[in-house]
Number of protein chains: 2
Amino acid sequence: MRKGSPHRAPTESDVAKLAGVSQSAVSRAFTPGASVAEATREKILKAAQELGYQPNLMARSLATRQSNIVALAISHLENPFYAQVVRELSDRLRETGRHILLFSTPPDEQVDPALEGVLSYQVDAIVLTATMASLELALQCQKAGVPIVQINRESKIPGISTVRGQNRRAGELVADFLVAGGHKRFGFIGGTEHSGTSRIRQDGFAEKLKSHGFETQIAYGDYTFEDAAVAARSLLGSASPPDALFCASDYMAFAALDVAKREFGLKVPDQLSVVGFDDVPEAAHAAYELTTFSQPAGALVAEAIKIIDLMTEEPGRRAQRREVRGELIVRGSARIPETGIKKAGLRRTWDN
Amino acid sequence: MRKGSPHRAPTESDVAKLAGVSQSAVSRAFTPGASVAEATREKILKAAQELGYQPNLMARSLATRQSNIVALAISHLENPFYAQVVRELSDRLRETGRHILLFSTPPDEQVDPALEGVLSYQVDAIVLTATMASLELALQCQKAGVPIVQINRESKIPGISTVRGQNRRAGELVADFLVAGGHKRFGFIGGTEHSGTSRIRQDGFAEKLKSHGFETQIAYGDYTFEDAAVAARSLLGSASPPDALFCASDYMAFAALDVAKREFGLKVPDQLSVVGFDDVPEAAHAAYELTTFSQPAGALVAEAIKIIDLMTEEPGRRAQRREVRGELIVRGSARIPETGIKKAGLRRTWDN
DNA sequence: CTGAAAGCGCTTACAG
DNA sequence: CTGAAAGCGCTTACAG
């Protein structure tokens, strides 16, 4: 036996009729701060309850010109760091009744065509991470007054705000740390050659090493596990393989550890030290014990939301740039220098 | 210098004026299959282009009563399996121009209050994974004709479709596999005591073991890394610790391996075999080499979408239940029986 | 405090 | 093929 065609959902008018008031009264009853007599409000709420009324948010946003949804453009969800970003962003947004509309973009550094239509959804803001926005999109957003912020990506495009970790400092500190640990040959596995944030880590690392009198061998892993493995393979298989490796993300560092262990049979950290970037939860697991420079996803997201709210309040403002503090978390994947270690309980950090 | 207040986005009327046609003509020009003269359509497209017009999807969905967005309620995003589900779902949906509205729910098995408002968004469908829907929500959906499907969860609630892996078969096969491997004491780490899908794996496992004459020690890890570690600790620290462990998810198996290695110094698989469920990409990494029963996220998602499309076409249909095939992938985390192994290149599976 | 009315930006019969 | 008009379900001045 077939069910009849689905009933259409109850509307304000339906509630109004049942409660014996006008449709606008119903609207007011659901608008915080609107003027309704307590008695009528009760009557209305009761009627609404009875009908199972739920406001139609599409209609509301058409009328108010704001949707309470923010677009999140993201790729590399397989990297736990980005999974964390999604989770944190979603959680914080829900505190203010907002939700994420997800644009999972292709994993390369290309601008995603699907993203170009994002403004059609009347989103209140756009956050990008592990992807890029086109100049055109940035312009449209500016015109439409929609704030757009990138997390963990640099952007030369004006009008785009950015939140990032301490990329330069990470590179420099890791260099000092590895030198202090007595290493002699250094490798770096970056994201892509032109990825801004990877590049800054690389420059900090290589320049600092140079000041110590060392060269840096460089390879790129495209932020994927497979390509990072390829990069590690080429570095470790070279004529003069590094005895210390700094990777632009923990996820790529995991790949490097895999290759070092499985294919080269190297003992970590005796024969090879590996340092990552991000401090994802997995870095602390026994499988990796990864020494890494932290980039707390929660703090990044919190900053991003602050920026969004700021720009929404004052649409005229220029793009913001924020940096979130990180530190070098010392675990077992890299040789530990004699000095500079700080302890707090089980947690060890290093500073120069 | 402050920018002026943001211009409002161009509408069909704006385009119409510029193109010298009526607003409804513009609408038709953007509606596939609507009747417009080729000449006028060109004129309109040109005008739209010039203004940077993008249709307002909120207005459209108000008029058409469909939004092209599907709600995804999910928790445990830190588990790579669920991250994969998000990615797959997003990718498939985009092929038909749909997007995900994300509801990241709290990690416990509670019904999420935020989810109760999901129908306000006029979503075309709801998919749930690693969370539950309330009976009330299911009822509302049925009334509103919104299909609702759960991935990798059982549900006693009528009207909710489900897509799952071969839970029972996994349990039984793993039992046979471990017995064939010569193990004598067996442990199971489940999600929660009442999680349907974990329970079915457990029952298949324990009942099969019983038929072989073995008992099963059971503990629960709540699908989190930390709690799974606690569960592993209690099992491995018991008076007669298991020499084989089956975990209801790879992610919990990783935790068990961590504890076994770091806290008990056990050699895997010589002193302890560990088998997981899901076959997430990490399972193949050198850090784990996890033997596991596969539950392909891509296939699950594909089925879920088929169901959604089916139910959308024929709203009267009753809830669907689908099962997606998996197999026992043999790697290094469990002792390998003499017989039953099948090879295909580097890939090894086991069957009875 | 309350209702009637206009408007948000679309789609879709309905005439012509 | 095209335009005028009603309607989708809300919000929000505006009178009263």
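This text gives an overview of the structure that appears in the document. (Residues numbered from 1 in each chain as written. Chains lettered and ligands numbered in written order. Predicted model: local features only at pLDDT ≥ 70, side-chain atom pairs only at ≥ 80, totals over all residues. Heavy atoms only, no water.)

### Some details on the pairing of strand β5 (residues 161–164) of chain B
Residues and elements named next belong to chain B. Alternating positions in β5 separate into two faces, Ser 161 and Val 163 on one and Thr 162 and Arg 164 on the other, with burial throughout. Here β5 pairs with strand β11 (residues 321–323) via 3 bridges, running parallel. The residue bridging Arg 164 from the neighbouring strand is Glu 323, located in β11. (Buried < 20%, exposed > 50% of the residue type's maximum accessible area, 1.4 Å probe, protein only. Helix = DSSP H or I, 4+ residues; strand = E, 2+ residues; numbered from the N terminus. Pairing = 2+ DSSP bridges.)

### Some words on the pairing of strand β14 (residues 347–350) of chain B
Residues and elements named next belong to chain B. Sheet topology note: the strand β12 (residues 328–329)/β14 ladder contains 2 bridges and is antiparallel. Residue pairing for β14: Ile 329 is matched across the bridge by Thr 349. Here 4 bridges tie strand β13 (residues 341–344) to β14, and the two strands are oriented antiparallel to one another. Paired with Ala 344 across the two strands is Arg 347, which belongs to β14. The loop that links β13 with its antiparallel partner β14 comprises 2 residues; one of these, Gly 345, has a positive phi angle of about 65°.

### Here we look at the pattern of salt bridges
Considering all chains together, one arrives at 40 salt bridges over all chains under this definition. Ionic pairing is found between Asp 258 of chain A and Arg 262 of chain A, a salt bridge with its closest N-O pair at 3.3 Å. A residue pair is termed a helical-turn pair when its members lie 3 or 4 positions apart in one helix, as Asp 258 of chain A and Arg 262 of chain A do in helix α10 (residues 250–262) at 4 residues. A salt bridge links Glu 314 of chain B to Arg 317 of chain B, with the nearest nitrogen and oxygen atoms 3.4 Å apart. Residues joined by salt bridges that share partners form a network here, namely Glu 78 of chain A together with Arg 87 and Asp 91 of chain B. (Salt bridge = Lys/Arg side-chain N within 4 Å of Asp/Glu carboxyl O.)

### Focus on the relation of the copies chain A and chain B
Superposing chain A onto chain B takes a rotation of 180° plus a shift of 0.0 Å along the axis, which leaves an RMSD of 0.1 Å. This pairing of chains is accounted for by a two-fold axis. Rotation axis and chain A: the residue whose C-alpha lies nearest the axis is Leu 101 of chain A, separated from it by 2.3 Å. Interface overlap between copies: 100% of the residues of chain A at the interface are likewise at the interface in chain B, consistent with a symmetric, same-surface contact. (Least-squares fit on C-alpha atoms with pLDDT ≥ 70 in both. Contact = heavy atoms within 4.5 Å.)

### Observations concerning the interface of chain A and chain B
Contacts between the two partners involve 64 residues from chain A and, on the opposite side, 64 residues from chain B. Taken together, the two surfaces of chain A and chain B that pack against each other cover about 5500 Å², and 54% of this comes from carbon and sulfur. At the surface where chain A touches chain B, the tally comes to 4 salt bridges. Between Arg 262 of chain B and Glu 289 of chain A there is a salt bridge, with the nearest N and O atoms lying 3.1 Å from each other. Counting across the interface, chain A meets chain B through 24 residue pairs in polar contact (both at pLDDT 80 or more). Counting residues per element, the ones that place at least two in the side of chain A that touches chain B are α4 (57–64), α5 (80–95), β2 (99–104), α6 (135–144) and α10 of chain A. (Buried area = accessible area lost by both parts, 1.4 Å probe. Polar contact = N/O pair within 3.5 Å; in protein donor to acceptor, adjacent residues only side chain to side chain.)

### Considerations on the sheet that holds strand β10 (residues 291–294) of chain A
Residue and element names in this part refer to chain A. In spatial order, the strands read β7-β6-β8-β9-β10-β12-β14-β13; together these 8 strands make up an open sheet with mixed pairing. Pairing within the sheet leaves two strands with one partner each, and these edge strands are β7 (216–220) and β13 (341–344). The strands that helix α8 (residues 196–212) touches are β6 (186–190), β7, β8 (244–247) and β9 (273–278); relative to β6, the one it contacts most, it runs at about 170°. Contacting β6, β7 and β8, helix α9 (residues 225–236) runs over the sheet at an angle of about 150° to β7. (Axes fitted to C-alpha atoms, helices over the stretch in contact; angles between N-to-C directions.)

### Here we look at the protein's contact with DNA strand D
What surrounds DNA strand D is a group of 27 residues, the closest being Gln 23, Ser 27 and Arg 60 of chain A together with Arg 28 and Thr 40 of chain B. Put simply, 63% of the atoms of DNA strand D that lie within 4 Å of the protein are in sugar or phosphate. Taking Arg 60 of chain A, its side chain carries an N or O atom lying 2.9 Å from a phosphate oxygen of DNA strand D. A distance of 2.9 Å separates a phosphate oxygen of DNA strand D from a polar atom in the backbone of Ala 37 of chain B. Sorting the residues of the surface near DNA strand D by element identifies α2 (23–29) and α4 of chain A together with α2 (23–29) and α4 (57–64) of chain B as the ones contributing at least two each. Across the surface near DNA strand D, the residue classes break down as 11 nonpolar, 11 polar and 5 charged. (Near = heavy atom within 4 Å. Nonpolar A, V, L, I, M, F, W, Y, C, P; charged D, E, K, R; others polar.)

### Notes on helix α3 (residues 38–51) of chain A
Residue and element names in this part refer to chain A. An ideal rise of 1.5 Å per residue puts 20 Å on 14 residues; α3 measures up with 20 Å between its terminal C-alpha atoms. What α3 keeps buried is the set Ile 44, Ala 47 and Ala 48. The buried residues of α3 all sit within an arc of 100° when viewed along its axis, so they share a single face. Of the exposed residues in α3, those oriented more than 90 degrees away from the buried face are Ala 39, Glu 42, Lys 46, Gln 49 and Glu 50. Among the structural elements, α1 (12–19) and α2 are those in contact with the buried residues of α3. Of the residues trailing α3, Gly 52 is marked for its positive phi of about 70°. (Expected span 1.5 Å × (residues − 1). Arc of directions from axis to C-beta.)

### Quick word on the sheet that holds strand β10 (residues 291–294) of chain B
Residue and element names in this part refer to chain B. The sheet built from 8 strands is open, its strands ordered β7-β6-β8-β9-β10-β12-β14-β13 with mixed pairing. The open sheet has two free edges, formed respectively by β7 (216–220) and β13, since each of these has just one partner strand. Of the strand pairs in this sheet, strand β6 (residues 186–190) and strand β8 (residues 244–247) are connected by 4 bridges, and their pairing is parallel. Bridge pairing in β8 places Ile 189 opposite Cys 247. Across the sheet, helix α8 (residues 196–211) touches β6, β7, β8 and β9 (273–278), and the angle it forms with β6 is around 170°. Strand contacts of helix α9 (residues 225–236): β6, β7 and β8, with the helix running at about 150° to β7, the strand carrying the most contacts.

### Considering the protein's contact with DNA strand C
In the neighbourhood of DNA strand C, 27 residues make up the surrounding shell, with Arg 28, Thr 40 and Arg 65 of chain A together with Gln 23 and Ser 27 of chain B lying closest. Counting only atoms of DNA strand C within 4 Å of the protein, the fraction found in sugar and phosphate groups is 64%. Within the side chain of Ser 24 of chain A, one N or O atom sits 3.2 Å away from a base nitrogen of DNA strand C. Contact distances for DNA strand C include 3.5 Å between a base nitrogen and a side-chain N or O atom of Arg 28 of chain B. Secondary structure elements with two or more residues in the surface near DNA strand C: α2 and α4 of chain A together with α2 and α4 of chain B. No other element matches the 5 residues that α4 of chain B contributes to the surface near DNA strand C.

### Some thoughts on unusual backbone geometry
With an omega of 5°, the peptide bond running from Val 268 of chain A to Pro 269 of chain A counts as cis. Along the polypeptide, Pro 269 of chain A turns up in the loop between α10 and β9. For Tyr 223 of chain A, which is not glycine, the phi torsion reads 65° and is therefore positive. Overall, the relative accessible area of 5% leaves Tyr 223 of chain A in the buried class. In the Ramachandran plot, Ala 130 of chain B falls in the positive-phi region, its phi being about 65° despite a non-glycine side chain. Positionally, Ala 130 of chain B belongs in the loop between β3 (125–129) and α6 (135–144).

### A closer look at the packing of α4 of chain A against α4 of chain B
For the pair α4 of chain A and α4 of chain B, the least separation of the axes is 9 Å and the interaxial angle reads 135°. As judged from the angle between their axes, α4 of chain A and α4 of chain B are oblique. In terms of crossing hand, the pair formed by α4 of chain A and α4 of chain B is left-handed. Between α4 of chain A and α4 of chain B, the contacting residues are Met 58, Ala 59, Ser 61 and Leu 62 of chain A on the first element and Met 58, Ala 59, Ser 61 and Leu 62 of chain B on the second. Residue composition of the contact of α4 of chain A with α4 of chain B, grouped by class: 6 nonpolar, 2 polar and no charged. (Parallel < 35°, antiparallel > 145°, perpendicular 65-115°, else oblique. Left-handed = near helix turned anticlockwise from the far one by under 90°.)

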